[in-house]
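Residue strings, one per chain:
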Amino acid sequence: MTGIGLLYQLTKQKEGKMKYGYFDDANREYVITNPKTPVKWINYVGTLQFGGFLDHTGGSQLCKGDPALNRITKYIPQLPCSDFKGETAYVRVREKGQTCKDAAIFSPYFVPSLVPYDSFECHVGMYYTRWVTRYGDLEFDILAFIPRGGTTLIRRYSVTNKGKKDLHVELFPVVEYSHFDALKQLTNADWVPQTMQCHAVETRGNTGAIAEYAFMKKETEVNVFCTNIKPASYETDRKRFLGDNEYGTWREPLSLRSEKLSCKDAMRGDTISAFQLDLGTLEAGKTATVITQLTQVQGLAKAASAAEKYTTVAEVDKAFADLKKFWDEYLSVIAVHTPDAAFNSMLNLHNPRQCYTTKTWSRYLSLYQLGYGSDRGIGFRDSSQDVMGVIPQIPDEALELIEKLLSVQSCDGSSYHQFNPLSMIAGRGDSMEYEDRPHFYSDDQLWIVLAVCAYLKETGDYAFLEKQIPFYEKDKAEKPLETGTVYEHLMRAVDFTHSHVGSHKLPLLGFADWNDTVNLPEGAESLFTANLYGWALRELVELAVFRSQKDLAEKYQKWYEEMKNSVLSSAWDGEWFVRYFDDKGKPVGSKSNEYGKVWLNAQSWAVLSGFAADDSKGRTAMDSVKKYLATEKGIKLSWPGYNGYDREKGGVTTYPPGAKENGGIFLHPNPWAIIAETVLGDGDQAFLYYQRINPAAKNENIDEYECEPYCYAQNILSNEHPQFGLGRNSWLSGTSSWTYQASTKYILGIRPEHEGLRIDPCIPKAWDSFTVERKCRGAVYKIHVQNSAHKSKGVTSVCADGKPLAGNIVPYFASGTHTIEVVM
Ligand code: GLC
């Protein structure tokens, strides 16, 4: 730990505030100093092609491709935190003359041996985790990561003898495997263990490898655990490793009390891979280093050669430097410096990393989204929003995902709710479980309009609009029934909504809109979808105007005005907008309701669509948010929570009041309220809402919140629940993309438009100034915003490279670095 980090930690610990860790922005890490966090805190590594997450006590959940169908390690998040999960390592230490019976045995990760440590640091970095722990005289430095584009999880273990006595040190890294079919692992205790195979493989040179696979995968998918030194012995079977018919435990495996592991192979059972790596006698001050790898190869014949890569520290260092380079570039696209440290830390490091993560894993794999079953895959709505959080940094990868999304759009313009990104098989989701409900989600297809337009504005790649992409439906020969340009896809998306309206001329709800859990009987209408449609139409109008397509611009402007009229004339409840009309035309989200009177999204989105942005109703609606829904820990989705199951309303009433969609602080819509406040010009309110949900700002009160302070959770229990403040479902949430967009595009106000980079901040009045370095379309913009007038919003002058501009849009430069001076 650096001097400043240490000083900070000691001060905070003394104050009794900082219990589990601290932010180390200079090293782009969060450092966990107490492993007994309230729940596991994780970090992602690799990609969906090969990757998963590591927990802060060494456990790993790894998959190659589909987490449902090609799972590698067995990680059961529902087990207690102290339990073994997926991977760990043990160390056996002896002084001269000691036997293994009296050796010290512990895990350098703390779990699962739970032997007290002298110091513990888990450095949560940019797609790597590093542990620096101290047990007596031994210091461990363990680095785990997956090289960029790689298919191997590397762990580099360095052990240093910090004491004065010579110590004999052995390392026992262990992996426990899952059956490739993750759900079968949990549901079939006959077939699964009969198929599992695990055995040593002959390798070249001074290396070791164990291959593990299900019998039927022998020629195709073989997991390999390798080491860069010759193992003294190995184990493949959990029963033998734990010993005493598994009355030995992960905490104290009995096999570690013998000189050697069994060196037997496992032709069935609960497969593991463990090596005994003899690091020899470590003299005082000396360090020993070993490298392990967990990978998957295509067939047993390729297993041995897996051990030939990453055998040297230099090779590992190079791969790690490559990974760092990727993150240097990624994080350099938008770099901010404002007067608020927690805001800077989130925007420069943790929020962009989370956006990369949600873009990569959608809702596939976390401690909460378990990736079982092969049907869920990628959510159309979720990924269309997630992708907007990464377009500035990785436009090519974003484009690839956008194309996939467009290819599961239906010929009728609606879209399939979810799809498997590997098989590209799509489905209509939960709606299929209800015969009496519609099978479309009214919002899905509209999100892609926003995503494509964000992509165009960022990149200027207008040729993409002409690209031919098939619609989803296919004939018997699997040939698409229809193909259309991207532009055609977008037009069909709004056409679908245009032609599916109910009695108030508002969009039909379908099975659900953004709120998956309100599933009203057929005929209900959605104000959310009405507003999202408004935003999508505005995008299409702007695009048509930019491309001089007058007729198209007029057509969509007319549709926009019509919907605006429907919303303003039918949905105003006096103090706020209603959220739905049910099948009988009765409002849901009205003062006339006993429960669910006020809903956040109906208010914020009426501003986001622009329908109520210039109308006093927009301000009044957002004031009602402040009055009825805002708490000091975030804004609630609705109020009051339903108090009992009601089949007519659906899933929302399965939760107790204050939880999740039933009046909980659902975080994903919070940034929409932030954006709405910036549109209305209240930068102080926008920033207050931001701070209240900023996990970094919760670091000193984390026992209540429980989740990682370095990423957003999906929900926090609200003040209608006795555990007000408890966060859950961290990482894979639309909160990430939208808080990132809310803060970069709306609070700091740097927003790519078709014509140029708009600079339209809406900040706390107290801020004197801020700077943003923004890369866009090949040029670098060094933006300095001066706010000596202490305003929230309103740009007085903009100078680009010293030349004054007429408005607040900086025309795009083709290259070079440009200084943009802005005065508010
Ligand atoms: C979950 C779903 C998302 C939905 C939200 C609200 O986050 O993944 O699609 O919009 O819940 O119901």
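See the structure above.
Residues numbered from 1 in each chain as written. Predicted model: local features only at pLDDT ≥ 70, side-chain atom pairs only at ≥ 80, totals over all residues. Heavy atoms only, no water.

Describe the overall build of the chain, and please don't skip the residues or the numbers.
Along the chain, the regular secondary structure elements total 19 helices and 42 strands. The C-alpha atoms of the chain give 28 Å as radius of gyration, which agrees with the globular expectation for 824 residues (28 Å, within 12%). Considered along the principal axes of its C-alpha atoms, the chain spans approximately 85 × 65 × 55 Å. A total of 824 residues make up the chain; the buried ones form 62% of that total. Across the chain, the fraction of contacts at a sequence separation of at least 24, relative to all contacts at a separation of at least 6, is 66%. Total accessible area on the chain is roughly 29400 Å²; 51% of this is exposed by carbon and sulfur atoms. (Helix = DSSP H or I, 4+ residues; strand = E, 2+ residues; numbered from the N terminus. Rg over C-alpha atoms; globule rule 2.2 N^0.38 Å. Buried < 20%, exposed > 50% of the residue type's maximum accessible area, 1.4 Å probe, protein only. Contact = heavy atoms within 4.5 Å. Areas by Shrake-Rupley, 256 points an atom, 1.4 Å probe, with all protein chains shown as cover.)

Can you explain the site of the ligand? Please cite residues and give values.
Near the ligand you find nine residues, and of these Arg381, Asp382, Trp514, Asp516 and Glu661 are the closest. One of the side-chain nitrogen or oxygen atoms of Gln714 is found 3.1 Å away from an oxygen atom of the ligand. Here the ligand loses 92% of its free accessible area of 300 Å² to cover by the protein chains. (Near = heavy atom within 4 Å. Polar contact = N/O pair within 3.5 Å; in protein donor to acceptor, adjacent residues only side chain to side chain.)

Talk me through the environment of Cys226; I want residue IDs and the actual numbers.
Here Cys226 is to be found in strand E15 (residues 222–227). Given a relative accessible area of 1%, Cys226 falls into the buried group. Spatially, the C-alpha atoms of Cys226 and Ala304 are 8.8 Å apart, while their sequence positions differ by 78 residues. The contact partners of Cys226, leaving out residues within four places of it in the chain, are Gly208, Ala209, Phe275, Ile291, Thr292, Gln293, Ala306 and Ala307.

Tell me about the packing of helix H14 (residues 600–608) against helix H16 (residues 670–680), and please be specific about residues and values.
At a minimum axis separation of 9 Å, H14 and H16 run at an interaxial angle of 40 degrees. Of the possible angle classes, the one that applies to H14 and H16 is oblique. The interaxial crossing formed by H14 with H16 has left-handed handedness. Residues Leu600, Asn601, Ser604, Trp605, Val607 and Leu608 of H14 lie in contact with H16, whose contacting residues are Trp672, Ala673, Ile675, Ala676, Val679 and Leu680. Grouping the amino acids of the contact of H14 with H16 by side-chain chemistry returns ten nonpolar, two polar and no charged. (Axes fitted to C-alpha atoms, helices over the stretch in contact; angles between N-to-C directions. Parallel < 35°, antiparallel > 145°, perpendicular 65-115°, else oblique. Left-handed = near helix turned anticlockwise from the far one by under 90°. Nonpolar A, V, L, I, M, F, W, Y, C, P; charged D, E, K, R; others polar.)

Talk me through the pattern of salt bridges; I want residue IDs and the actual numbers.
The full count for this structure, using the stated rule, is 55 salt bridges. With a closest N to O distance of 3.6 Å, Glu753 and Lys457 form a salt bridge. Here Glu753 is found in the loop between strand E35 (750–752) and strand E36 (756–759), whereas its partner Lys457 is found in helix H10 (residues 444–459), with 296 residues between them in sequence. For Glu753, a relative accessible area of 9% corresponds to the buried category. The network of salt bridges with shared partners includes Lys457, Glu539, Glu542, Arg751, Glu753, Arg758 and Asp760. (Salt bridge = Lys/Arg side-chain N within 4 Å of Asp/Glu carboxyl O.)

I'd like a rundown of the pairing of strand E18 (residues 287–297), residues and numbers included.
The two faces of a sheet get side chains in turn, since along a regular strand they alternate between them. Across the eleven residues of E18, nine count as buried, placing the element largely inside the fold. Bridge analysis of strand E11 (residues 152–161) against E18 gives nine bridges, and the strand direction is antiparallel. Within E18, the residue paired with Arg156 across the bridge is Ile291. In this structure, E15 lies alongside E18, joined through six bridges in antiparallel fashion. Following the sheet pairing, Val224 is matched in E18 by Thr295. (Pairing = 2+ DSSP bridges.)

Describe the packing of helix H9 (residues 395–406) against H10, and please don't skip the residues or the numbers.
Running from N to C, H9 and H10 point in directions that differ by 150 degrees, and their axes come no closer than 11 Å. By the angle between their axes, H9 is roughly antiparallel relative to H10. When you trace H9 past H10, the crossing you get is left-handed. The segment H9 lies against H10, with Pro395, Leu399, Ile402, Leu405 and Leu406 engaging Ile448, Ala451, Val452, Tyr455 and Thr459.

Which residues make up the layout of surface pockets, and what values do they have?
Taken as a whole, the second largest pocket holds about 800 Å³ of empty space. Around the second largest pocket, the lining comprises 37 residues; the ones closest to its centre are Arg538, Glu542, Tyr746, Arg751 and Glu753. For the lining of the second largest pocket, the elements supplying multiple residues, two or more each, are H10, helix H12 (527–546), helix H13 (550–570), H14, H16, helix H19 (735–747) and E35. A total of six residues in the lining of the second largest pocket trace back to one element, the largest contributor, which is H12. The residue inventory of the lining of the second largest pocket, partitioned by class, reads 18 nonpolar, four polar and 15 charged. (1 Å grid on protein atoms, 1.4 Å probe; cavity = no way out; pocket = protein on both sides within 12 Å on 5 of 7 lines; lining within 4 Å. Points joined across faces, edges and corners; volume = space filled by probe spheres on them.)

Describe the state of the cysteines, and please don't skip the residues or the numbers.
Among covalent bonds in proteins, the disulfide is the one between the sulfur atoms of two cysteines. Summed over the entire model, instances satisfying the criterion amount to zero disulfides. Here Cys81 is not disulfide-linked; the sulfur of Cys707 is the nearest cysteine sulfur, at 11 Å. For the unlinked cysteine Cys100, the closest cysteine sulfur is that of Cys263, found at 14 Å. Note on Cys100: relative accessible area 6%, which makes it buried. (Disulfide = S-S within 2.5 Å.)

Before we move on, could you go through the environment of Asp141 and cite the residues and values that matter?
For Asp141, the location among the structural elements is in strand E10 (residues 138–145). For the pair formed by Asp141 and Ala266, sequence separation is 125 residues and the distance between their alpha carbons is 32 Å. Residues within four places of Asp141 in sequence aside, it is in contact with Arg130, Trp131, Val132, Arg156, Tyr157 and Ser158. At a separation of 2.9 Å, a polar atom in the side chain of Asp141 contacts the side chain of Arg130.

Could you give an account of H14, with specific residues and numbers?
Because an α-helix completes one turn every 3.6 residues, residues spaced three or four positions apart along the sequence face the same direction. Within H14, nine of the nine residues are buried, leaving the element largely enclosed by the surrounding structure. Restricting attention to buried positions, one finds in H14 the residues Leu600, Asn601, Ala602, Gln603, Ser604, Trp605, Ala606, Val607 and Leu608. Turning to H14, the residues buried within the fold contact H10, H12, strand E28 (598–599), helix H15 (616–629), strand E30 (634–635) and H16. Looking one or two residues beyond H14, the residue adopting positive phi is Gly610, at roughly 90 degrees.

If you had to explain the sheet that holds strand E21 (residues 418–419) to someone new, which residues and values would you point to?
Spatially, three strands are ordered E20-E21-E22 in an open sheet, and the strand pairing comes out antiparallel. In the strand order of this sheet, the two ends are held by strand E20 (378–379) and strand E22 (426–427), each with one partner. Where E21 meets E22, two bridges bridge the pair, whose relative direction is antiparallel. What sits directly across from Gln418, in E22, is Gly427.

Explain the side chain of Ser158 residue by residue, including any values.
Counting through the fold element by element, Ser158 comes out in strand E11. With relative accessibility at 12%, the residue Ser158 sits in the buried group. Only 3.1 Å separates the side chain of Ser158 from the side chain of Thr289, close enough to count as a polar contact. Ignoring sequence-local partners within four residues, the contact set of Ser158 consists of Glu139, Phe140, Asp141, Thr287, Ala288 and Thr289.

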